[in-house]
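Structure at a glance
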Amino acid sequence: MAVPSSVDLPESIPFEPSDWNYKGEGNENIVLVWRKQHRHKRMALATVKLDDTQRKRDNATYTTSVIGPLLGPEYILPQRLVALEPDFLRRLQAKSEPLRPAHRLHRQVDLSQEVGVLMPNAFRGTPPVSSSGRLRQSVTVELKPKWGFLPSLSSVSPRNSVKSRVCRYCMHQFTKHASQDISGFCPLDLYSGDRHRIVRALDSLAQSPQNNLRVFVNDHIAIDRHGKISDECVSQWEALRDCIADIVLKEPLFSRLKQCQRMLDSLDIEGILPLYRRAVESGSLANVQPSIGDWLTTVTDFLHRTERADSTVTDKQVILEFLISTTLKDVSVLITLPEWPVHRTSLDSVPTEPQYAIAVIDSDPKKLAKIPDYFSKDEKIVKHYLKHCPDLGSQRQCIE
């Protein structure tokens, strides 16, 4: 099938490294923000070498043409490939190195890469000065909502029935953290559509952000992953929290995320692994990363099937749908406000309609070859949780 072009051909960046500020990084990308305030840009540069220019183009197409139709194109940032020069990368690396977190320093910027990804700066979508001449303090909240549903009892084995009562995030806490550091955040509260539960989820994130909440004020971090909170954010947290809760309630994004996660993952990893092995052994699924054409066919067939209530589906289709669901379980949501919201005197008072921009990031495809690892990780998480919480009385009850 024809693959739509979602990005332009690479073009050079006529900018000096001094024009770019380090913003943060994930497993494969460093994010830099262009300092020029009359045009707001955001650029991601890979920290490890990807296959080639086509790989980055395919990732951009995956975001716009696979994730976009599921969540809504209004939540997807446009992307463009840009050519990179070795000297530009060397100077950026030297500038960024002192700002990078210690646990990322074992991976360096690949100086041989030829392209980066340019996109709008979702961290600052409004002018820094209001029409009245007052300096704005733009605020960006980065949420990683995670897994928004409980697997059905029929999709998990009896020995793992706890998965139908305790959500993945809450169980995973016991594998990742000591007992005293367990977060009170439950993603199901954030997805619940109930304002009080959403507020509780946001308060729990503020107390223990981990990797699921960051707050930036004028591009400077105010709440980081370690729970370090600026004085300004502490004093104004309730106003910001209430505004974000209103946005979470209003936007269809979160219900779409939950619904698509569930519909694309109807079998759980316990049901996916046998299909994966059967498909690879039979030759109906090559054990190589799917092409962009495979992803586009998968999302098209999924959307047609949901419209027609058609139950016909191949092993390959189910497996790739699961991987798309895995991407959706790991996206981040950016909500940017032009300035700090006004504190409301009562939760029952009528809120003013906030101005904001909202976007989804971190939506690259997951690797097919990781499916056995996903199964092993799932088994480890359940086993570890049951070791710490062996009976119903000690287990958390997560409610959708």
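For the structure, check the block above.
I will try to describe carefully the structure that is included in this document. (Residues numbered from 1 in each chain as written. Predicted model: local features only at pLDDT ≥ 70, side-chain atom pairs only at ≥ 80, totals over all residues. Heavy atoms only, no water.)

**Quick word on the pairing of strand β11 (residues 357–361)**
Buried residues dominate β11, accounting for four of its five residues. Of the pairings in the sheet, the one linking strand β10 (residues 332–337) to β11 comprises five bridges and is antiparallel in character. The residue of β11 that forms the bridge with T336 is A357. (Buried < 20%, exposed > 50% of the residue type's maximum accessible area, 1.4 Å probe, protein only. Helix = DSSP H or I, 4+ residues; strand = E, 2+ residues; numbered from the N terminus. Pairing = 2+ DSSP bridges.)

**Notes on the state of the cysteines**
Applying the stated criterion to the full structure yields zero disulfides. Take C167: it sits in no disulfide, and the sulfur closest to it among the cysteines is that of C170, at 3.5 Å. Exposure remark for C167: the relative accessible area of 1% places this residue in the buried category. We note that C398 lacks a disulfide partner, and the nearest cysteine sulfur, in C170, lies 3.8 Å from it. Residue C398 is classed as buried on the basis of its relative accessible area of 2%. (Disulfide = S-S within 2.5 Å.)

**Considering the packing of aromatic side chains**
Across all of its chains, the model carries six aromatic pairs by this definition. Between W147 and F149, the aromatic rings sit 5.7 Å apart at their centres with planes inclined by 50°, giving tilted as the arrangement. Residue W147 is classed as buried on the basis of its relative accessible area, which comes to 12%. On the basis of relative accessible area, F149 is assigned to the buried category, the value being 2%. When the centroid spacing of 6.5 Å and the interplanar angle of 65° are considered together, the rings of Y191 and F254 count as edge-to-face. Linking Y191 in the loop between α4 (187–190) and α5 (195–207) with F254 in helix α7 (residues 253–264), this pair joins segments that are 63 residues apart in sequence. Residue classification places Y191 among the buried positions, given a relative accessible area of 7%. The lysine or arginine in question, K329, covers the ring of W147, its NZ or CZ lying 3.7 Å from the ring centre. (Phe/Tyr/Trp six-rings, centres within 6.5 Å; stacked < 30°, edge-to-face > 60°. Lys NZ or Arg CZ within 6 Å of the ring centre and 35° of its normal.)

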